[in-house]
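# Inside the fold
The lines below spell out each chain.
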Amino acid sequence: MSIEKNFDVSLIAGMALKEKQIQQNYRPIIGVHKWFARRPGTLFRGLILAEFGNDCLADIFFGANDFSGFKIADPFMGGGTPLIEANRVGCNVQGFDINPMSAWIVREEIEHLDIRAYKQAAQNLLESLRADINQYYRTSCPLYGDADVPVKSFLWVKVLDCKACGKQFDLFPGYLLAENRRHPKNVLVCQACGDLNEVDDRRKPGHCSSCKTALRQAGPAQKGRCTCPHCGHPNTYPGKLRAPLGHRMFAIEYYNPKRKSKHKGRFFKSPDGEDISCVAAAIRRWEQLTSIFVPDQEILSGDETDRLHRWGYRRYRDMFNPRQLLGLELSCRLISKIEDERMRHALATNLSDLLRYQNMLCRYDTMALKALDIFSVHGFPVGLVQCESNFLGITDGAGSNVGSGGWSNIIDKYTKAKRYCDAPFEVRRNGIYKARVPINGEWIGEKRNGNHRAVTIRCANATEIQLDPNSLDAVFTDPPYFGNVQYGELMDFCYVWLRRLVGDKAEGFDRASTRSADELTGNVSQNRDLGHFTEGLSAVYSRMARALKPGAPLTFTYHHNKQEAYYAVGVAILDAGLVCSASLPCPAEMSGSIHIHGTTSSIIDTVFVCRSTGMVPRSWLFDTSRQLAGIVAKDLAMLEISGRTATRGDTRCIVLGHLTRMAIWKLHESWDNTQSTVQKITAFAGVLSTLGYPDHVINLVEAAKPKAVSLEPSLSATKPDEDMRDAVSF
């Protein structure tokens, strides 16, 4: 079988859409540690089974498969999804990434773990922390008069000293704390006295129940400007701050286990004197400690990190308040004393993942009523209102977590992830119902019950790795998308802590930063442009092509809004001596993701399948925009069956994928890889432009829909093997 013949777009796209809505329920393995833009595991499982399986994809997807002996590589392993899916079905895998955090995370995902021993070690850690710092995360309940209940979240607002009168004031962008979706009423902060008020209508909120001031939703801090309430002077922010702005705690969300069953909604309160004293006690405790593990590294300049510099953050430790630093320092001390290296590394990984919730850049979602981790938008957003989560985490009487962002949450996610390694499953949906289907016989790891698999995980530049010629049965990867995510800049946030805790013996941890001049992303501050990206991608694909067996696939996912970003893909494939035999659409992002929702970004990837020799269905070839529109219409029809009605952004990415594939087809026989990078990009762009313009093709597709105009080929969705009946060899 082959991907071109056996891959079922509608089947896999439908499952990928569902997976990306709640990815942790479908692939708990991602709970080991945060990585960015993980592609759906169902997609890569589908690709692997389509390539190596001997039956219809729908028939083998929910059954056990064993491809022992097959050798798979991923030169851009990132969070490890292709490797994990290949390892799960018995393949020997080799993964490479220039970022040391990637290598650490993927090892943690695949390496065997004694779950019982881990649970005991984690419980010991949590009990020690509770005995030491639990008192800093308690409050009293003013609604029912109960003392000593756990805090879920502390809400803080940035404060500014007026440049005219010198008095301090709050920088509230808005006074809405909670919407009335998951709470019976809207909760508004009074701009005068700070009390919390529950109101039915945000548009007509009325007056504060305490001071009778008219309530309002909009705050005074807008677009970098805020008028001082004391003297009326117009202040600006952030400017060029020498240090981060201070914060004032203005609200608390807590949990009252005794009253929860009969109480409607959440529990909110304004901080009282005891709450303020609790913060002061934590600060005193922190100031009495001599830090051992809190990193003191400076934040390097970069496309994302320069935003931190504008707000006065100079060192990574600046991004945490004293109570958070206290908890993190004590956690590191306890972890460092664990003798068993596997347990020590597991809990160190947990602490690294915990960091994204335990910092003073986390925001509070007023609709979902939860903390948003620092990486919720794949960057370093600096808001004016911050959310500090309970460091320890909260569990109810049944042992389930309440809220998010604490140690108990991280331990629970990691445990589920490693249990999934021993007993993977798929989720089969039937209408509104879904059921877990155990896949008995498959497992993730390097060893299990005396069985061993070859697993090679390296922190290495894929442009320099040496692989034996004709040794690989396939390459499956998800390369960087030019200019999209600054992996090195973001992962340094975790890396500086993890490196301090585990030392520099792990591969790549001898570096002070995860950043590399050879990282394949567009980066203005590092002068990494399209040419740099093209040359790096070309070097990697050329090495992979030499290592592939004749006709074996190099398969990767890609999407970008800009046409120029596809030139690098085309040049890299041609330089590697490969032909693109398929460009298949599949959802790979969640439309509701914060960094996508409300934008023109696409959630559809193109899956490029490339080989040195093979066959291409004649119906997939085209010379005109109208022919391409027919192919795209067919893709959209298959996505419609899967449950995705394509947006214009989706359609654009699909069109660009096909244009790239066809330009490669036109150029592969005459390609001169001795040209300069600029000449190659220019040549590829020239041929691509003769095949059609994306907007024109999209307009043809959209115009055909209401008029039911027949495009070439047919709009009806057909199975891949039907297309292969009339194929062209290359």
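See the structure printed just above.
What you see is a predicted model; the values in this text were computed from it and never measured. (Residues numbered from 1 in each chain as written. Predicted model: local features only at pLDDT ≥ 70, side-chain atom pairs only at ≥ 80, totals over all residues. Heavy atoms only, no water.)

### Let's talk about the overall build of the protein
Looking only at helices and strands, the protein has 21 helices and 28 strands in total. Projected onto the principal axes, the alpha-carbon positions of the protein cover approximately 80 × 60 × 50 Å. The buried share of the protein, reckoned over its 730 residues, is 58%. Partitioning the contacts of the protein with sequence separation of at least 6, the portion at a separation of at least 24 is 73%. (Helix = DSSP H or I, 4+ residues; strand = E, 2+ residues; numbered from the N terminus. Buried < 20%, exposed > 50% of the residue type's maximum accessible area, 1.4 Å probe, protein only. Contact = heavy atoms within 4.5 Å.)

### Some remarks on the sheet that holds strand β2 (residues 92-97)
Here we have seven strands laid out as an open sheet, ordered β22-β2-β1-β23-β24-β26-β25, and mixed in their pairing. The open sheet has two edge strands, β22 (455-459) and β25 (579-587), and neither has a second partner. Within the sheet, the average angular offset between the axes of one strand and its neighbour, ignoring direction, is 15°. Sheet topology note: the strand β1 (residues 71-74)/strand β23 (residues 474-477) ladder contains two bridges and is parallel. Its bridge partner lying in β23, I72 is registered against A474. (Pairing = 2+ DSSP bridges. Axes fitted to C-alpha atoms, helices over the stretch in contact; angles between N-to-C directions.)

### Some thoughts on the nonpolar core
Core analysis: the biggest nonpolar cluster contains 211 residues, and F7, M319, W407, F493, Y541 and Y558 have the highest contact counts within it. Discounting chain neighbours no more than four positions away, the residues touching F493 are Y316, M319, F320, L355, R356, N359, I374, F375 and F380. Residues L177, F250, F268 and L369 belong to the second largest nonpolar core, which totals 16 residues. (Core = buried A, V, L, I, M, F, W, Y, C linked by side-chain atoms within 4.5 Å.)

### Remarks on the sheet that holds strand β7 (residues 186-189)
Pairing in this open sheet of three strands is antiparallel, and the strands run β6-β7-β8 from one edge to the other. This sheet does not close on itself; its edge strands, each paired only once, are β6 (176-178) and β8 (196-199). Strand-to-strand twist in this sheet, taken as the mean axis angle between neighbours without regard to direction, amounts to 35°. Bridge analysis of β6 against β7 gives two bridges, and the strand direction is antiparallel. Note that in β7 the partner of A178 across the bridge is V187.

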